[in-house]
Amino acid sequence: MGRTVIELENVTKYYDSHIGRSGGLKNLLLNFAKSEAECKRYTVLENLSFKIEEGTSTAIVGRNGVGKSTLLSIIAGVLLPSSGKVRVSGKVSSLLELGAGFHPDLTGRENVRLYGMLLGFSKKMILERVEAIKEFSELGDFFESPTRYYSSGMMARLGFSVASQLDPEILLVDEVLAVGDFSFRDKCLDVMRKYRQQQKTILLVSHSANDVMQFCQRAIWIKDRKIMADGPSHEVCEAYMGKKLKDPSLANPDGTPTETTKQKPHSNA
Amino acid sequence: MVKTADVQITDGIKRDLSYYYDLVYILAQKEIKTRYKNNIFGYVWSLVNPMAYTFVFYFAFEVIFKVKVENYVLFLISGLFAWQWVTNYVNGSTVAFFQNANLIKKARFPRFIIPLSKCLQDSFHFAMTLPVTFLFMVYYGVTPTLMTFIGIPIIIVVQFLLLFGIGMLLGSLNLFFRDIQFLIAIILQMTFYLTPIVYPISRVPEVYRSLLMLNPFAPLILSWKELFLNGVLHWEYISITLLHTILYLIIGSAVYRKLVWKFSEVM
């Protein structure tokens, strides 16, 4: 086992719904008298704890809206958890929705520079890699034209190329495999395999149980704000797809199924 | 809203001055490029707006109202270009964080880079209008002194910092109260007339003069006018502007620091 590169301890994330959502001065004035207890609190993640070791590939599975992307954003340092402890050590390259950070007026090349800088890579490093990124993206002449003319698949190619070719230590990937054509998808998987060989850490969010089982050793299943199961990807995925867990000890790492913990707080672990 | 979370991300990235410089530069460059590289009229467009106002005010105040101000067109221009920088930046920075939601939600980088690069880019546009001001000075026979050239970078820096402070304040608040941007547009319209741009300060009744100095842009524009029209660095006006600058930088960065962690949640 390598050293721990990502560690989460009792991470909880909730959103307060009255300010911000419909943020206006009028709302502030109307709701000023309301106490804090009155504003609705929407909890996305509750007391999540896990560790990820260096050089492993882990998948986070779960249905839409359970907070997988929120979790990835927290690890990427974009969102702050409401409480809990987060430790990440290593150069992170995050792909939270492919290409969403690209500016439509800039060319592919200029976007690579901008996005790479925003991810924290130095200008020098980006200039060294920009040709490799172009090559990998297979965009050809489109690399020099504004990204507004790109198709969504092309955006995804560029996004994955940037995040992967910049040689991060930790790669956070949110649903890459769902976009792009077959050959590009294979290419992405190749890169991720190469990363695995190079002992880099990969954290992947996916709906596709097949990809997860094929690619990751470990999977974490999130449901109802909590970790339902955490263990070898085959077993967790099977459980996620509706089969019973073969090894009940994988369920909810502290040993108690989620349903019962809801009723009463468990006294000892 | 108490933060109880404890987050440590040690990514080994050197966030030194050159990293910030490169980041600010590349963000500013993207706007400047699209404006100046793609068409030759890009430059002309940034002159058209203040020139059009110059013409309108010249017609309204000199031709119709017959104000007795020496070199009235030069008098207008010496304030209008700087004022354009003010309005462009204040309006733009109010929505700057909001418009860059896609970047803020996707990547972890110091968010103040956004209003900073916007300010850099607007100051560049302002610098590009300086030759036009000099052209009018030559035409009206006002010779620039050595002080004019020393004073330009000084006042630019003061205006830059003042605007940056205001930008951090308004940009942060606007994410939480979206209607601030509409309020600001109105306030700026009113502030224009409370700033001695189209009228000389000497016409303002004595009692109101010190009151006018509460408007941060009044001493700022007066500093520019003194510099271009009389070739002097008016330290009194500059000091008052500087006081505003310090005030807004403190308020702006305090509000920014208090709210920044919530930015990616509210957009």
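About the criteria used
Residues numbered from 1 in each chain as written. Chains lettered and ligands numbered in written order. Predicted model: local features only at pLDDT ≥ 70, side-chain atom pairs only at ≥ 80, totals over all residues. Helix = DSSP H or I, 4+ residues; strand = E, 2+ residues; numbered from the N terminus. Buried ≥ 20, exposed ≤ 12 C-beta atoms within 10 Å, placed from the backbone. Contact = placed C-beta atoms within 7 Å. Core = buried A, V, L, I, M, F, W, Y, C linked by C-beta atoms within 7 Å. Axes fitted to C-alpha atoms, helices over the stretch in contact; angles between N-to-C directions. Parallel < 35°, antiparallel > 145°, perpendicular 65-115°, else oblique. Left-handed = near helix turned anticlockwise from the far one by under 90°. Nonpolar A, V, L, I, M, F, W, Y, C, P; charged D, E, K, R; others polar. Arc of directions from axis to C-beta. Pairing = 2+ DSSP bridges.

**Q** Can you break down the overall build of chain A residue by residue, with the values?
**A** Secondary structure summary: chain A contains ten helices and nine strands in total. A buried classification covers 43% of the 269 residues belonging to chain A. Counting contacts in chain A only where the partners sit at least 6 residues apart, residues at least 24 apart contribute 69% of the total.

**Q** Give me the nonpolar core: which residues, what numbers.
**A** Counting residues in each nonpolar core, the largest one holds 126 residues, and the members touching the most others are Ile75, Leu172, Leu203, Ala219 and Trp221 of chain A together with Ile221 of chain B. Counting residues per element, this core draws most heavily on helix α3 (residues 72-94) of chain B, which supplies twelve residues.

**Q** Report on the packing of helix α4 (residues 123-137) of chain A against helix α5 (residues 152-165) of chain A, specifying residues and quantitative values.
**A** Residues and elements named next belong to chain A. Put simply, α4 and α5 touch, their axes get as near as 9 Å, and they point 140° apart. Judged on the interaxial angle alone, α5 and α4 are oblique. Helix-helix and strand crossings are classified by hand; for α4 and α5 the assignment is right-handed. Where α4 abuts α5, its residues Arg129, Ala132, Ile133, Phe136 and Ser137 lie against Arg157, Leu158, Ser161, Val162 and Gln165. Grouping the amino acids of the contact of α4 with α5 by side-chain chemistry returns five nonpolar, three polar and two charged.

**Q** Residues and numbers for helix α8 (residues 233-240) of chain A, please.
**A** Residues and elements named next belong to chain A. Here α8 has its buried residues at Ser233, Val236, Cys237, Ala239 and Tyr240. Projected down its long axis, α8 shows its buried positions confined to an angular sector of 160°, all on one face. Tucked into the core, α8 has its buried residues touching β3 (57-61), α7 (209-215), β8 (218-223) and β9 (226-232).

**Q** Give me the environment of Lys123 of chain A: which residues, what numbers.
**A** Take Lys123 of chain A: it is sitting in helix α4. Take Lys123 of chain A: there are 17 C-beta atoms within 10 Å of it, and that puts it in the partly exposed class. Put simply, Lys123 of chain A and Arg113 of chain A are ten residues apart on the chain and 7.3 Å apart in space, counted from C-alpha to C-alpha. In contact with Lys123 of chain A, not counting residues within four places along its chain, are Met117 of chain A together with Asp22 of chain B.

**Q** I'd like a rundown of the sheet that holds strand β1 (residues 4-16) of chain A, residues and numbers included.
**A** Taken together, the four strands give an open sheet; going across it, the order is β2(A)-β1(A)-β4(A)-β1(B), and neighbouring strands pair in mixed fashion. With one partner strand each, in any of the chains shown, β2 (41-53) of chain A together with β1 (6-10) of chain B form the two edges of the open sheet. When strand polarity is set aside, the average angle formed by the axes of neighbouring strands in this sheet is 15°. Contacts between helix α2 (residues 68-76) of chain A and the sheet are confined to β1, β2 and β4 (83-89) of chain A, with β1 of chain A contributing the most and set at about 120° to the helix.

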